[in-house]
Each structure stands twice: as C-alpha cells, then as structure tokens.
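Chain and residue survey
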Amino acid sequence: TEQAARHFHNPPRRIRRWLRRFQSFHDDHPELSEGKYLSLEAEEKLAEWVLTQREQQLPVNEETLFQKATKIGRALEGGFKISYEWAVRFMLRHHLSTHTRRGVAHPLPKEIQGNAGAFIEFVQRQIHAQALPRSMIAAVDEISLFLDAEILGSDDQRKENALQTVGNGEPWCELVVTLLADGSVLPALVISRGHLQTPATVPDCILLESKENGCDDDEIMELWAARVWRKHTECRAGGGGGGGAASSKGMLVLDCHRTHLSEEVLTVLSSAGTLPAVIPAGCSSKIQPLDVCVKRSLKNFLHKKW
C-alpha cells in the first residue's frame, strides 16, 4: 500500500479504498470479468484519448476511462462488457498509467505515430528551406499547478499530496516555459492566482504575474507573446535601437490544446516572422522537447520543494 501510495501520488487511505471498491465491484459483478473486449483499432483510439487527456493535464481515472471505453465499445455487436482486469491489461499493453508520463521509448498508437512522423518532416523541411537559426527555433509549453483543498483541509492526510499537476478546476498557478534549439532557456512566465502580500523578489529568469482570478489560456499566451517572445525577437533584431521588425525568421513548436492561439498572439508571432508549428494531438510525449526533456524533472523539483 505504501509503495502504491508513492507511485500514484495518493494517500494510503485512498489506495485502500480503491482496493475495497475493486473487490466489492468484482464480487457483485462476476459476469463482467468475461465478455467482448475492444478491437486493437478501438484500443488505439482509447490510448490516443488517454494521451490527449494527459497533454491537457486532465485526470484519467477509472470512471473517465470506463466511460470513454464504453462509448467507443457501443459499436460492438452485443455490447461491450468492461472489467477492471481489462482496464489493467489495457493500460499495461499501451504503456499507460493514470499519473506517470509515457517514456519516449514507448511506441505511440499507429495513427498518431504517423502524425508525429509527418510533423517532424514538416518542421525539418521548414528549418532547412528558410535557413532558420537555432536561436529562433523555440518550444513553449505550460505547466498548470492545482491545489487539492480536500487534502489541505484534512488532518489525517499528508499535505505533500495537495500539490498536483492534473485537475479539472482552475489552476492555482501556471508556468510557461520556453526552450530554444541552441540550448538556451528564455525567462519563465509564472502566473499566480490571487494577490501577492508584498512585492516578490525573483531572479531575472522568472517573470511573475499575479491576478485575482487568474488568466484564461488566451490571456496566458498573449502575456507570454508580449513579455517573453517579443523581447527575445527584438534583442535578436539588434535591438535596443530602431524598433523595426526582427531580421531573423523563427519557428515556435507548441501543442494543439493549451495554446488556443488568439488573434493577438498570432499578430505578435507574425510581426516577429515566427511560424507556429502545432504538434498533433497525443504526440507531445514523443516530439515536444520540453515534454521529453524538461517537464518531468521540473515537476519532481516542484513537488520536492512543496
């Protein structure tokens, strides 16, 4: 139980509750252990859904997984009978779990693997055709941080589990991280919900914004475009002086869910000569450099600090 609690970032009491619920469900519905299961093609669609949920930092639990599997399985003649055994085998077959990130070595479902390959070819072709400098090729991604009020308000649960990186509600804090192809890291934009009591002292590598009700996705990207990307392109243009458009063209690699590129953001990117390269759904764990190389370490660091 202790190992499972650490692995799933949940308190032991909740793990024990899950086990009791599983046993009770199994005892009450022995007929569900056998029956028609999803085809390989249908399973791949379900695996793609799990990956896209994860990209959006939305929780994947037994309820949401069973609902989605049932919806996909409705097309089966005679219905789709679901079971916990099937769910566990499905998650293992596709190298998935409810919390941990998929390793880059694990294959993606066939269809999105093809999308990933096509995206990489497109990006490489654009880089060579336009002779883009590495200092103008960027990957940007958001990390949302949530606080579990139930855990914070409870006396008998460990408070370290209150900080979470998946959730359905409004995030407590948003981080926008930008990495350049030459290895440089641009300042991180940190957007917190609420008011700071006193002016915070933060290093130059962090840009801090605080708003009473937080920001929606459009506002976050608009802030990032204005405060991070525009300043970078102006410096690259030999800045400081005349305020003309950047002399170097650029490319921005970003996923298709968290960006919701508004007119304002597109205007900033266009004025900076920046091409948005939007990663296909479900592919981030393979081809988003921040997802592959940085985000897991950053999340582990933040959990340890918390």
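As recorded by an unreviewed UniProt entry, the protein chain carries the name POGZ protein and is attributed to Sylvia borin.

1. Here's the deal with the overall build of the protein chain
Along its length, the protein chain carries 12 helices and 7 strands. A burial count over the protein chain gives 42% of its 306 residues as buried. Contacts in the protein chain between residues at least 24 apart in sequence constitute 65% of all its contacts with a sequence separation of at least 6. Counting only carbon and sulfur atoms, one obtains 54% of the accessible surface of the protein chain, whose full area is about 16600 Å².

2. Concerning the pattern of salt bridges
All chains considered together, the criterion is met by 5 salt bridges. For Glu-62, the salt bridge identified is with Arg-21, shortest N-O distance 3.0 Å. Taken as a pair, Glu-62 in helix H4 (residues 62-73) and Arg-21 in helix H2 (residues 12-28) lie far apart in primary sequence, 41 residues in all. When its relative accessible area of 37% is taken as the criterion, Arg-21 is described as partly exposed. Between Glu-170 and Arg-193 there is a salt bridge; the shortest N-O distance is 3.2 Å. On the criterion of sequence distance, the pair formed by Glu-170 in the loop between strand E2 (163-164) and strand E3 (173-180) and Arg-193 in strand E4 (residues 185-193) is long-range, its members being 23 residues apart. Judged by its relative accessible area of 62%, Glu-170 falls in the exposed class. Relative accessible area serves as the criterion here: at 28%, Arg-193 is assigned to the partly exposed category.

Reading the values: rules and limits
- Sequence order as written defines the numbering, with residues in each chain counted from 1.
- Local features in this predicted model are restricted to residues whose pLDDT is 70 or higher, and side-chain atom pairs enter the listing and the counts only when it is 80 or higher, whereas totals over whole chains, interfaces and linings include all residues.
- Note that water and hydrogens are dropped before the side-chain values are worked out from all heavy atoms of the structure.
- For the purposes of this entry, the term helix denotes a DSSP run of H or I that reaches at least four residues, the term strand denotes a run of E that reaches at least two, and both are numbered from the N terminus.
- Burial classes follow relative accessibility: with a 1.4 Å probe on protein chains only, a residue under 20% of its type's maximum area counts as buried, one over 50% as exposed, and anything between as partly exposed.
- Note on definitions: a residue-residue contact is assigned when non-hydrogen atoms from the two residues lie within 4.5 Å.
- Areas reported as accessible are Shrake-Rupley estimates using a 1.4 Å probe. Residue values count occlusion only from the protein chains shown.
- The term salt bridge refers to a side-chain nitrogen of Lys or Arg lying within 4 Å of a carboxyl oxygen of Asp or Glu.

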